[in-house]
Amino acid sequence: MSVSNLSVLVVDENKIRAAIIEAGLREAGYERVEVVGETFGLIRNIEQISPDVIVIDLENPNRDLLESMFQLSRSVKRPIAMFVDQSDQASIEAAVEAGVSAYIVDGLTKERVKPILDMAISRFNAFARMSRELQDARDELAGRRMIDAAKTILMNAKNIDEEEAYKLLRKTAMNQNRKIADIAQSLVTAEKLMNDK
Amino acid sequence: MDKVRAGFIPLTDAALLIAAREKSFAKDAGINLELAREISWANIRDRMAVGHFDIAHMLAPMPVAAAIGLSPVPVEILAPMALGLGGNAVTVSTSLHELLRENGYDGSLDPGIAGKSLARLIGRRRDRNLPDLIFGVVHPYSSHSYDLRYWLSACGIDPEKDLQIVILPPSFMPDALSRGNIDGYCVGEPWNTASVASGAGAILTTKSRLWQSSPEKVLGVSKRFATAYPELLDRIICSLVNAAIWCADSENHAELAEILSRTEYLDHSAKIILPALSGNIATTGEQRIQDSDFFITFNRAANFPWRSHALWYYSQMVRSGQASFCPENVELAAASFAPDLFRRAVSQMEIAVPAANSKVEGALITATAVGAGKNILYLGPDGFFDGVLFDPDKIEEYIRSQSPRE
């Protein structure tokens, strides 16, 4: 059996992340990859696919269900252990940090399965980084809009131009040791309160 | 301030940890208690294994399972304290409840009567070739699973053959019940009350009736942490005992329900959380009970980690085929509960602590005063509904007596 013959089941309710993992596994030469998202029917899916390796995200509420299945010989034909190597504390730590966990059927050697876990860890980390960056970008955009709104308020109230309005915001932020976006937010909120009739 | 990181699952019996933080019992003990909500018991175990959590809200059988090597991730966990007694119930769909009434159940919540009607119904369903009933529990190593199986077996129902028992996360139970995916479940609060309130289910019996004053959640502590920071662990335990005393006062129940209902904790209506705390519980659309024993947070030594409790779980692990019986496992299971650590921690507090580490479960038929140092402590009643005693010194005989007869 070549490496690509191992069948891998990815259990993840996050469709984008599941697709990223699936793509990563296929690129690495694993052809038998299945993705399961929903809760109900998980057991049936696992019985049908009979995977060698299961990768599951830690936010998944079905981990307890999944582990209980490994005890029932009638559900899963072969016993499944957790992680590539129980004594490999560093792998376990890296996986939990990344938010992923993996189960493998008993008897598979560490060398054959470790690449799968390592790939899952790195893709989970990449996904988390991407989500964080996306959130940062959203925050920045929202902040910029807020600053524009605050500038308009200042320009109208004090009859100054845009550059002066911005300087005023920046100076206030520096004096109060706060972000410009926060000062802008306060100003917009205050203006709303004053004009709310 | 010492930072302590704790994991919990959103359930009413996480109350002690949450109250310790929100009512400043932890802060007063110099502890910055950080609480992290988790979605599965497997996560709680893994995060403790890798050192993310120092302590955690845990199913009482989890430290026992870890001690005898049943855990998929190697981790050493001690239970130096229990987080209360009772708190669970068995809920069935309203349609199953009606069928049980037609088969001799009298609405009394008596486990014996309810179980007999269930056995009769299962027999009749089999005669008509109807599919197996399906019950949900939350974890293979949980009181829910062992209590449910014990009850069924004692009523002549084989939990492995006469029906199906499946694992589901606690918060999924009401939904699965109302959709008809399952017919009943054994789970902690607020998930029984939630089904009664929505009209999808009825409470058939309670843990306080199956086994009075019985264990449910414990404070799980990684052995590494307990060994490295004994003085800090003492303070954690004291602050949780103070929280337990506060939680036990009926005057605080409404406030506790409000705290637990918050988004960062149970994220569920306080109205659904309060019944388990007050014991005033709607069991069907029409019936209410007043059960002050439903969930005991402090009284009757509710925080004491009895080794006999750890050993009862072990006996049920053997009974259900999860573990094998051997004297080494008996020792490991017993040692996972640490009554000595509890005694050391509360030695400066004015509370009564049992002098023994184990008791014969079921020996106390009524609340009984026992000497505990200079104080008097009331223990029990602690009986199983079928009247069978569990003597931890005779665990092998006990397991043998429970083996299916040919």
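Quantities reported herein were computed from a predicted structural model and do not represent experimental measurements.

The rules behind these values
Residues numbered from 1 in each chain as written. Chains lettered and ligands numbered in written order. Predicted model: local features only at pLDDT ≥ 70, side-chain atom pairs only at ≥ 80, totals over all residues. Helix = DSSP H or I, 4+ residues; strand = E, 2+ residues; numbered from the N terminus. Rg over C-alpha atoms; globule rule 2.2 N^0.38 Å. Buried ≥ 20, exposed ≤ 12 C-beta atoms within 10 Å, placed from the backbone. Contact = placed C-beta atoms within 7 Å. Nonpolar A, V, L, I, M, F, W, Y, C, P; charged D, E, K, R; others polar. Pairing = 2+ DSSP bridges. Axes fitted to C-alpha atoms, helices over the stretch in contact; angles between N-to-C directions. Parallel < 35°, antiparallel > 145°, perpendicular 65-115°, else oblique. Left-handed = near helix turned anticlockwise from the far one by under 90°.

Student: It is not clear to me how the overall build of chain B should be interpreted in this structure. Could you clarify?
Tutor: Along its length, chain B carries 18 helices and 16 strands. What you see for chain B is a C-alpha radius of gyration of 20 Å, in line with the 22 Å of a compact globule of 406 residues. A burial count over chain B gives 56% of its 406 residues as buried. Within chain B, residue pairs in contact and separated by at least 24 positions form 75% of the contacts whose partners lie at least 6 positions apart.

Student: Would you take a moment to explain the overall build of chain A for this structure?
Tutor: Of the regular secondary structure elements, chain A holds 7 helices and 5 strands. Start at the N end of chain A and walk to the C end: the helices and strands fall as β-α-β-α-β-α-β-α-β-α-α-α. Across the 197 residues of chain A, 32% fall into the buried class. Put simply, 62% of the contacts in chain A that link residues at least 6 apart link residues at least 24 apart.

Student: How do you make sense of the interface of chain B and chain A when you look at a structure like this?
Tutor: Much of the literature gives interface size as the accessible area that the parts lose upon coming together. At the junction of the two partners, chain B supplies 21 residues and chain A supplies 19 residues. Top contributing element to the side of chain B that touches chain A by residue count: helix 3 (residues 41–49) of chain B, with 6 residues. Here the residues of the side of chain B that touches chain A are counted per class, giving 14 nonpolar, 5 polar and 2 charged.

Student: Sorry, what's going on with the sheet that holds strand 7 (residues 134–137) of chain B here?
Tutor: The strands making up a sheet associate through backbone hydrogen bonding, with each pair oriented either parallel or antiparallel. All names here are of chain B. The strand order across the open sheet built from 5 strands is 8-7-9-6-10, with neighbouring strands paired in mixed fashion. At either end of the open sheet lies a strand with only one pairing partner, and these are strand 8 (164–167) and strand 10 (201–206). Between one strand and the next, the sheet's axes are offset by a mean angle of 30 degrees, whatever the strand orientation. In this sheet, strand 9 (residues 184–188) lies alongside strand 6 (residues 88–93) in antiparallel orientation, the contact comprising 5 bridges. For Asn88, the partnering residue across the bridge sits in strand 9 and is Gly188. Contacts between helix 5 (residues 94–102) and the sheet are confined to strand 6, strand 9 and strand 10, with strand 6 contributing the most and set at about 90 degrees to the helix.

Student: Which parts of the structure should I look at to understand the packing of helix 6 (residues 162–176) of chain A against helix 7 (residues 180–195) of chain A?
Tutor: Packed helices, taken two at a time, are described by the angle their axes make and the gap between the axes. Residues and elements named next belong to chain A. Two numbers describe how helix 6 lies on helix 7: the axes approach to 8 Å, and their chain directions differ by 110 degrees. Regarding the angle of helix 6 to helix 7, the classification is roughly perpendicular. Residues Leu169, Arg170, Thr172 and Ala173 of helix 6 form the contact with helix 7, whose own contacting residues are Ile180, Ile183 and Ala184. Considering only residue class, the contact of helix 6 with helix 7 consists of 5 nonpolar, 1 polar and 1 charged.

Student: Please clarify how the pairing of strand 1 (residues 2–8) of chain B should be interpreted in this entry.
Tutor: A regular strand places its side chains on the two faces of the sheet in alternate fashion. Residues and elements named next belong to chain B. Relative to strand 2 (residues 31–37), strand 1 runs parallel, the two being bridged by 7 bridges. Paired with Lys3 across the bridge in strand 2 is Asn32. For strand 1 and strand 3 (residues 55–59), the ladder comprises 2 bridges, and the chain directions are parallel. What sits directly across from Ala6, in strand 3, is Ile55.

Student: Would you mind showing me how to read helix 1 (residues 15–22) of chain B here?
Tutor: Residue and element names in this part refer to chain B. Summarising burial for helix 1: 8 of the 8 residues are buried, a large majority. Within the span of helix 1, buried status applies to Ala15, Leu16, Leu17, Ile18, Ala19, Ala20, Arg21 and Glu22. On the buried face of helix 1, the contacting elements are strand 1, helix 2 (25–28), strand 2, strand 3, helix 12 (230–248) and helix 13 (253–261). Phi turns positive one or two residues past the end of helix 1, at Ser24, with a value near 65 degrees.

Student: Is there a simple way to explain the environment of Glu38 of chain B in this structure?
Tutor: Residues and elements named next belong to chain B. By the secondary structure assignment, Glu38 is in the loop between strand 2 and helix 3. Its 20 C-beta neighbours within 10 Å are what place Glu38 among the buried residues. For Glu38 and Ser71, which are 33 residues apart along the polypeptide, the C-alpha to C-alpha distance reads 18 Å. Excluding residues within four positions of it along the chain, Glu38 makes contact with Gly7, Phe8, Ile9, Asn43 and Ile44.

Student: Which parts of the structure should I look at to understand the sheet that holds strand 1 of chain B?
Tutor: Residues and elements named next belong to chain B. In spatial order, the strands read 2-1-3-11-4; together these 5 strands make up an open sheet with mixed pairing. Taken across any chain shown, the strands that pair with only one partner, and hence form the sheet edges, are strand 2 and strand 4 (77–82). Geometrically, the sheet is characterised by an average inter-axis angle of 30 degrees between neighbouring strands, direction not taken into account. This element, helix 12, spans strand 1, strand 2, strand 3, strand 4 and strand 11 (217–222) of the sheet and lies at about 35 degrees to strand 4.

Student: Help me understand the packing of helix 4 (residues 89–98) of chain A against helix 5 (residues 110–158) of chain A, please; the structure alone is not making it clear to me.
Tutor: All names here are of chain A. The contact between helix 4 and helix 5 brings their axes to 9 Å, and the two run at 35 degrees. Crossing geometry of helix 4 relative to helix 5 is assigned as left-handed. Judged by residue contacts, Ser91, Ala94, Ala95 and Ala98 of helix 4 engage Leu117, Ile121, Phe124 and Asn125 from helix 5. Along the lines of polarity and charge, the residues of the contact of helix 4 with helix 5 split into 6 nonpolar, 2 polar and no charged.

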